[in-house]
Structures are given as C-alpha cells and as structure tokens.
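Chain and residue survey
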2 protein chains.
Amino acid sequence: MARSLHLNLFIHGRGHHEASWRHPGATRLPLTDIRYYQQLAQIAEKGLFDSIFLADALAIADGIGHVARSGLEPITTLSAVATVTDKIGLIGTASTTYTEPYNLARQFASLDHISNGRAGWNIVTSWVQGAAPNYGDDTQVEHAERYERAHEFLDIVSKLWDSWADDAVIDDPDSGVFADESRITPIRHRGKHHGVAGPLNLPRSPQGRPVYIQAGSSETGRRFAARYAEAVFTAHLEKKTAVDFYADIKGQAAGFGRSRDEILILPGISATIGSTEAEAKRLEQELHEATHPSVGLQRLSNRFGGHDFSHLSLDAKLSVDDFPEPSTVQGAQSRAGVILSIVKRDKPTLRQLLHSLAGARGHFTIAGTPEQIADTIEDWFKTGAADGFNVMPPVLPLLLETFIQEVVPILQKRGLFRTAYEGSTLREHYGLARPESQYFGTNPPAKLTA
Amino acid sequence: MARSLHLNLFIHGRGHHEASWRHPGATRLPLTDIRYYQQLAQIAEKGLFDSIFLADALAIADGIGHVARSGLEPITTLSAVATVTDKIGLIGTASTTYTEPYNLARQFASLDHISNGRAGWNIVTSWVQGAAPNYGDDTQVEHAERYERAHEFLDIVSKLWDSWADDAVIDDPDSGVFADESRITPIRHRGKHHGVAGPLNLPRSPQGRPVYIQAGSSETGRRFAARYAEAVFTAHLEKKTAVDFYADIKGQAAGFGRSRDEILILPGISATIGSTEAEAKRLEQELHEATHPSVGLQRLSNRFGGHDFSHLSLDAKLSVDDFPEPSTVQGAQSRAGVILSIVKRDKPTLRQLLHSLAGARGHFTIAGTPEQIADTIEDWFKTGAADGFNVMPPVLPLLLETFIQEVVPILQKRGLFRTAYEGSTLREHYGLARPESQYFGTNPPAKLTA
C-alpha cells in the first residue's frame, strides 16, 4: 500500500491569523457557540481529514482586547462534536501539570467511548506563562520538573486505561454476572508526585486508550515525544528545520525500540489560498494590516518569560541583543528559538516581526495558488519533512473550505490522500495498532454495542 | 401564579434498583454507550421534566461483579446530551475535594454555553470510601476538613464565573475591539487550600453560573446546603423526616438571608408502578429476589466505614448492636443514620435490610398504581415535605416511561405540573433568578447568538 498523507485541522479562534476574526470570511458565531465547532468538524469530515485538534491554555489569552480568543474547554467541546460526526478523530489538549490523573483518564476514556474510538490526547506540560497562578503556584513549575511529572503521569494514566481487560464486562442478565472481577485490576501506583490505587471506574475504551499526541519541541520535549507520542505537531518556518526534526524524532523513536511508522510527524501549515499568487499575497497582507500591535507584543513578551519589548520602536530594525537568551526562558524554549532565528535571518523591524508571527505564531505560512500549496505539501511529504500536516487555516471557515475544495482534490489526484475513509477510529486513520492492555494482553475486544 | 412541582430524573446504571439490569424493561445498550443517556434525556424532556442528574463516585462501584454500574464521566456525558436536547436541565456531579477549581469552573461554564443555559452542578465533597486512594490520599479527608475546603472552593469558582461582565465581549470587527478589558477582572484568590489568580478564560455563561445543587444531609452538609444550594437532593424513608428536613433547610436558609423560594427541596422517590397495587408489589419483589447479596453487603460495609457484616447470618434478625455508631463513621453520616433507623423500626433480617436498601439505597420507595403515586407526590408537595422530586425509576427506561405516561398526566390534570416548558434555562425551570456578577452587577447580558 502506498504511504498516505495525514491531515489534521487545528481549530483556533476564528482562524490562525491574529486578525482573522475581522475578515468577512470568518464566522460570526460567538466563540462560545458549540455550533461553530460542530460545523468546522463536519466540514473537515466531508474533506476526509484524519482529525480535528483543539489547543488549550489554562489562562486568559494574551491581548484579549484585540484578538478573538475565548473558546470553550476542549473536552466538553469534543464530546459535543462527537455526537454530530461519525469518522473524524477528536484531539483535545490537557495538562499533566495541572490535572489529576484519575480525572483526566476518566474524561478521555469517556470521550473515546462517546465517539466510538476517535479520541486523541495532546499531552502538554503547560508552558503558558499565565497558567501557574491559576493553580496555586506563584512561579511556573521548572521545565525539567514538568517533564518528570509528565513521565509519571503517562505511566499512571496508561495503567488506568489498561486496568480493565477488553473482555471484563460480561453483562449477562441471566446469570447475574456483570463483570469478571478477575479481569479488572488495581494499579497501586505510588510515585513522587501521585498516588493512584485504581482501577479506573469504567471499561476499557474502543481504542484501548486515546492516541497520544505531543507538541513540545525542546530537547526534553523531543525525547518525550520520541518515547510516547504517536503523532507530533511541530512548528517550522522552513523545510530545512522540518527535515532535521523529522530525522531526529524518528531516530530517537528507534532508540526506544519503536518503528518509524508508530510516530507520525505533522508540521503546521497555514495556507492563504488565492486563484493567483498575487491574490493570495494580497489577502495575507490585508490580514497583517488588520492586526493590533498590542496583541503581538504581549504574546512576544510571554514567549520570552515576560521580557518587556514595549520600549522598542515598531519601525526600527531588531537585533538578537534585543532578546534574552532562549535557554534562560521558562516555557516553550523551542518557540523562542524559532523567533530568534527569524530575527537573525531576516533582520526585520519589530512591526515586521509581529506581522510574520501574526500568521501562525512561528508555524510555516504560505500564500499561493492551490497548485503551489499542493506542490509544497507533496515535496515535504516525499522528502522526509512530514507524514502529513497540521492544517492551520488563517481564516475559519473560509480558508478551510477553500483548502478542501481546491487543495484536497489535487492531493487526491496525485494519489497522496484518501478518497474515502477506510477505518472509523483515529488509530485506523493514523495507521496505528490498537495497544494491548499491559495487564491482560490481547483479547478480542468485548462486543460493546447492542 | 400557583406553585408548581419540579421533577428531576436521576439517571443511575440501568435503573435505581440494584437488580434493574437483569429486568427485561432495562436497556440492553452498554452503560458506555452515549445513546442510552441521550435517549433517557429525550424521554424526560418529552415528559417536561426540569432536569436530568448524573451522580458520580471517583472509584469503581461496589460489587461490580454483580451490578451494572460502570458509566461514563458526567461532564463529557452531559455535553454530548446537550446537543440532542433543547430545554431540559443538565446536572452533573463534581467534587470540591479532588478537582482543581479552575478546571471545574471552565468545564461547567463550557457546559452552560454548550447547552444555552441548562447546566447544574451537584456539589459533592466526595465521601465515597474508595475515592481518596485514587487521589494520593491514604486516608479520606476528614468530614469537617472536606466542608472547609468546599466553602473555599465555592468562593473561588463563583468569582471565576463572575470575572467577565456580561457585556465584556464586544466582538466588533470594524473597530478591532474584541473585549473590553476593563470589564474582565482577576480574582486574586489566596486561601488555605488554593491560590487562583483568574480571570476565567472564557466569557460569562448564559446562566451566569451553573445552578448549585447539594445532596449532603449531615449537620454540616445541611448548613452548607442552606447557605449555597439552589436545589437539594435528599433521601427520606418516610414523609415525617422529609417534613423535618424541609423545615430545617428553609429555616437555615432564612438565617443566611435567603428567601424560601431560592432553595428547592427535592426528595428522592423510587416508584414501582403497576396497574394494580398487587402487580406493582410483585414487580418490586421480583427485583429484590434478583439481587446478589455480595453487592448489598459491600455497599453496607462502605456506608459504615468499612465495617465487616459478612459474619452475620443473612436470615437472622439484626440489632443496632451489629452496627458501629454513625458518628464514628467518616463519609455520608446521614445515610448511616437512615439505615440504623430502619433497623430500629422494622427489626429486619440482614437479607430483608439488603432488599429494602436494594430499591433506592435509603431513598423513599413506593410500589403502587399511578393514582397512588400521584397522591403521595401531591401530599408531600402540599404539606411541607417537598418542592418537587428527584425521580429515581427502579428500572430504566421502563419505569421512567411508565411514570411519564401514567403519573405525569394525573399531576398535570391536578394543576400541579407544567403542560409545556415556559423557559429554556434550568434557572427558569426552577424559578431561580439569574445571579448578578459580584464584580460588575447587573447588565443586560450580551447578545450571545448570531
């Protein structure tokens, strides 16, 4: 079978461009209206996407005065989206630093049941500056410490998800036996950060457990991804770093005894699509000019540990000396590094830097025709930069609809993308095996539908 | 306007009777199948019920080998139910002991948005014996300590829910102003158990905040309910204690400066309905005989702090000396007291006690004709025992359908129950005012739909 591209829709505000919400192609539904998320998922499902993805921040968005970022919580949203879709995967973000493992395990297992096997968990350690003060910490938990917690957390929740054998539920009214208690086990975890006795209080879910997604790109984050992740969302400004990242992660995964196919690399792509390249560039520039500098400045400051950039002139050229060392930054170190590499490469003014980050916050952006965009996707896919893409439309739903109407058919014609769903779970779309229970091994899954 | 009865459907397994799942009138859908919960909510909505309610336990159910109790997590379930219903209130249980306040506030605010104002929160302090070991505690948090935490927790989440003024979202693409930041406030909470800076990361929800429900009936629990609860679920074996409870809670609420109408008292009623009383009793007895003693014994043990009853003969008469003192029991003290009062009153054998608790675990049970059940409801409603009922069908969906087809029309004919929904939020069904923001006072709620 030919290798096939994977496409995930990353839903963010009214589109990934900071000024998306001011564009007439953006929805006018409030960001708290569930119909908006349901409609986007239905559009993406019609386009045969593998999955949709909701990010999360655990704190109010930067620059809320001038940017439309005030959405619903991911798990509740995805549960409501599950009931109006059939096939598309549903990936939600949740934090290993600020959630109880028993609560998270129950909610994702429930989502996997509710969606009949479509749940994915984007595992984050919560780097957002504003999160810690909402969870009792004055200062952010240290980078290394957060990953140490994350390892323990993964260990616990994977045990909880395996604590019922697939055949534990008997449910036989005649004999009066509901469950075979010998096929349900406590997990008896006692670690540095958590003690969890188990078992989970609901049966093993259709996928065994949610698909593990990871998006941290620091050295520690990469090692974590290589060990656990089944798909990786990653931000690259150009193909070169994407190729390096791809080789690094696949190599490290091999070091953990994993096959290259067990971990998909999905770089972000934010495509502004026009019938000519000039039209696409015009739309992109229009969006840049509709941004408000305060939004980008606040986000930039947060990316650099609260460093203040407001004394700099918007129209003077930047130098790396205007920035703190990325290694001193608590938070998403890799994102800070990406920003510095733009400064080194392009020597932009502050305004130009803010514009270039307004598109997709350090992810790859492209403005061009459907053919140009399909060419780029094919190139990255065929030359070791990507197994697929995290599709980040600058304006939603407009540029998702255009992507599906104009770009997807080209990819299909080239034999790169499915023309129908073959499976019905997220694992099946991603070509991943269903994991065995670490306690009970393989068993034919219990018949879960009446 | 005449005072009108309130009805809530309490969804529990395949019905409240422990042996419900063995009855042909019970659903055969797995308890992990969302369609089951959606169907029950739709039946209850057709029956014009105020609300549905999901309990929760944070640990595997007692006696899982012989009882069908392995449901989905409440918040995810209610989000999925919200999208297939329009009017009915959606009440979920969540713990103030084992949840982070910021997480809980976001999820309930999201549920309130997703359902257009139908969310209710059953506030529990997590008395279940098995919960603590799933959250790092070797021993259960003490009763008094749990309520102390609950007070602080309520204070925090109510502030988070009030942290956006109703008119904070401007969402004006032309001016580029998304939110009025002067209408969003941090909460700066620093207490004994939590520090939460705020604000919440999403706008104020349609009801302002979810309706507060409470079900603890100990002295501390009653005081807590009188102060905060807008509806109280309560268990009584007979009308007399229900009348005392009703007067006590309404009186205590007045002591907190609240009006009697701001707190609804909803005792549980588990009605086995037959076309004759004899037929109803026969059905009840059939269900009793289909129970497995191990289930009831394990639950009884847990109700009395792990006390072992298994050395007692099933068919010998019980005495109060077979039980520990309720005041020494950590957990739901009031439930232990209710059980002892049955022992004193009826002098049952252990088997008889287990049968009487198998029906609805200490809630009021009745087996009779639709007229007899309507008479009881009217009597309790009109003589100071209830503002409505927490309807606990012994077998689901069978005895819910019968209740709606046979009992509800009698209540309507007597002018006791609505014949159409008048409002569309849970607050409106319950006759409760929408709370003002403690920071921003009254404001016309922002227009939240496009």
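What you are looking at is a predicted structure, and each value in this text was computed from that prediction instead of being measured.

Some remarks on the overall build of chain A
Broken down by element type, chain A carries 13 helices and 13 strands. The globule rule puts the C-alpha radius of gyration for 450 residues at 22 Å, and the 22 Å found for chain A is close to it. Overall, the C-alpha framework of chain A stretches about 80 × 50 × 45 Å when taken along its three principal axes. Considering only contacts within chain A whose residues lie at least 6 apart along the sequence, 79% involve residues at least 24 apart. Surface exposure of chain A reaches about 16,000 Å², of which carbon and sulfur atoms provide 49%. One finds the centroid of the 45 positive side-chain charges in chain A at a distance of 2 Å from the centroid of its 53 negative side-chain charges.

Observations regarding the UniProt feature "binding site: FMN" (unreviewed entry) in chain A
Residue and element names in this part refer to chain A. In the numbering used here, UniProt assigns the "binding site: FMN" (unreviewed entry) feature to Asp-56, Thr-93, His-143, Tyr-147, Ser-217 and Ser-218. As for its position among the elements, Thr-93 is in strand β3 (residues 89-95). Classification of Thr-93 by relative accessible area gives buried; the value is 4%. When neighbours within four sequence positions are excluded, Thr-93 is seen to be in contact with Phe-53, Leu-54, Ala-55, Asp-56, Pro-74, Asn-122 and Val-124. Side-chain polar atoms of Thr-93 contact the backbone oxygen of Leu-54, separated by 2.8 Å. Relative to the assigned elements, Ser-218 resides in the loop between β9 (211-214) and α5 (219-228). The buried category is assigned to Ser-218, whose relative accessible area is 9%. Setting aside residues no more than four positions away along its own chain, Ser-218 makes contact with His-143, Tyr-147 and Ser-334.

Focus on the packing of aromatic side chains
All names here are of chain A. Counted under the stated rule, the structure contains 40 aromatic pairs over all chains. When the centroid spacing of 4.6 Å and the interplanar angle of 20° are considered together, the rings of Tyr-98 and Tyr-135 count as stacked. One end of the pair, Tyr-98, is in the loop between β3 and α3 (101-114); the other, Tyr-135, is in the loop between β4 (119-124) and α4 (143-161), with 37 residues separating them in the sequence. Residue Tyr-135 is classed as buried on the basis of its relative accessible area, which comes to 7%.

Remarks on helix α6 (residues 239-255) of chain B
Residue and element names in this part refer to chain B. Compared with the 24 Å implied by 1.5 Å per residue over 17 residues, the 24 Å span of α6 between its first and last C-alpha is a close match. Of all the positions in α6, only Ala-242, Phe-245, Tyr-246, Ile-249, Lys-250, Gln-252 and Ala-253 are classed as buried. For α6, the angular spread of buried residues about the axis comes to 160°, placing them on one side. Across α6 from its buried face, at more than 90 degrees, point the exposed residues Lys-240 and Gly-255. Here the buried face of α6 lies against α5 (219-228), β10 (231-234), β11 (264-273) and α11 (370-382). Taken from the residues just after α6, Gly-257 is the one with a positive phi, measuring 80°.

Brief notes about the relation of the copies chain B and chain A
Here chain B sits on chain A after a turn of 180° about the axis and a move of 0.0 Å along it, with an RMSD of 0.0 Å. Interpreted geometrically, this transformation is the action of a two-fold axis. Looking at the rotation axis and the C-alpha trace of chain B, the residue lying nearest is B:Ala80, at 2.2 Å. Take the interface residues of chain B: 100% of them recur as interface residues in chain A, which is what a same-surface contact looks like.

Some words on the environment of A:Val232
Residues and elements named next belong to chain A. Mapped onto the fold, Val-232 is located in strand β10 (residues 231-234). The exposure class assigned to Val-232 is buried, which follows from its relative accessible area of 0%. Considered as a pair, Val-232 and His-12 are 220 residues apart in the sequence and their alpha carbons are 18 Å apart. The residues contacting Val-232, other than those within four sequence positions of it, are Gln-214, Ala-225, Phe-245, Ile-263, Leu-264, Ile-265 and Leu-266.

Quick notes on the environment of B:Thr402
Residues and elements named next belong to chain B. Within the secondary structure, Thr-402 sits in helix α12 (residues 398-413). For Thr-402, a relative accessible area of 17% puts it in the buried group. There is a polar contact of 2.9 Å between the side chain of Thr-402 and the backbone oxygen of Leu-398.

Calculation criteria
Just so you know, the residues in each chain are numbered from 1, in the order the chain's sequence is written. Both sets of labels track the order of writing: A upward for chains, 1 upward for ligands. Owing to the predicted nature of the model, reporting of local features is limited to residues with pLDDT of at least 70; listing and counting of side-chain atom pairs is limited to 80 or more, with chain, interface and lining totals taken over all residues. Remark: hydrogens and water are excluded; side-chain values derive from all non-hydrogen atoms of the structure. By definition, any uninterrupted DSSP run of H or I lasting at least four residues is a helix, any uninterrupted run of E lasting at least two residues is a strand, and each is numbered from the N terminus. The reference for a compact globule is 2.2 Å times residues^0.38; the radius of gyration itself is calculated from the C-alpha atoms. When checking whether two residues touch, look at their non-hydrogen atoms; a contact exists if any pair is within 4.5 Å. All accessible-area figures derive from a Shrake-Rupley calculation using a 1.4 Å probe, and residue coverage is judged against the displayed protein chains alone. Think of it this way: Lys and Arg go in the positive column, Asp and Glu in the negative one, and His and the chain ends go nowhere. In plain terms, the charge of a residue is placed at NZ if it is Lys, CZ if Arg, CG if Asp and CD if Glu. UniProt positions are given in the numbering used here, feature names are shortened, and annotations may be inferred rather than shown by experiment. Remark: exposure states derive from per-residue accessible area (1.4 Å probe, protein chains only) relative to the maximum for the residue type, with buried under 20%, exposed over 50%, and partly exposed in between. Here a polar contact is taken to be a pair of N or O atoms separated by no more than 3.5 Å, where protein atoms must pair a possible hydrogen donor with a possible acceptor and residues adjacent in sequence count only if both atoms sit in side chains. Here the aromatic set is Phe, Tyr and Trp, taking the six-membered ring for Trp, and pairing holds for ring centres within 6.5 Å; pairs whose planes are under 30 degrees apart are stacked, those over 60 apart are edge-to-face, and all others are tilted. Multiplying 1.5 Å by the residue count of a helix minus one yields the expected span of that helix. To obtain the arc, one takes the directions from the helix axis to the C-beta atoms. The copies were overlaid with a least-squares fit restricted to C-alpha atoms from residues scoring a pLDDT of at least 70 in each copy.

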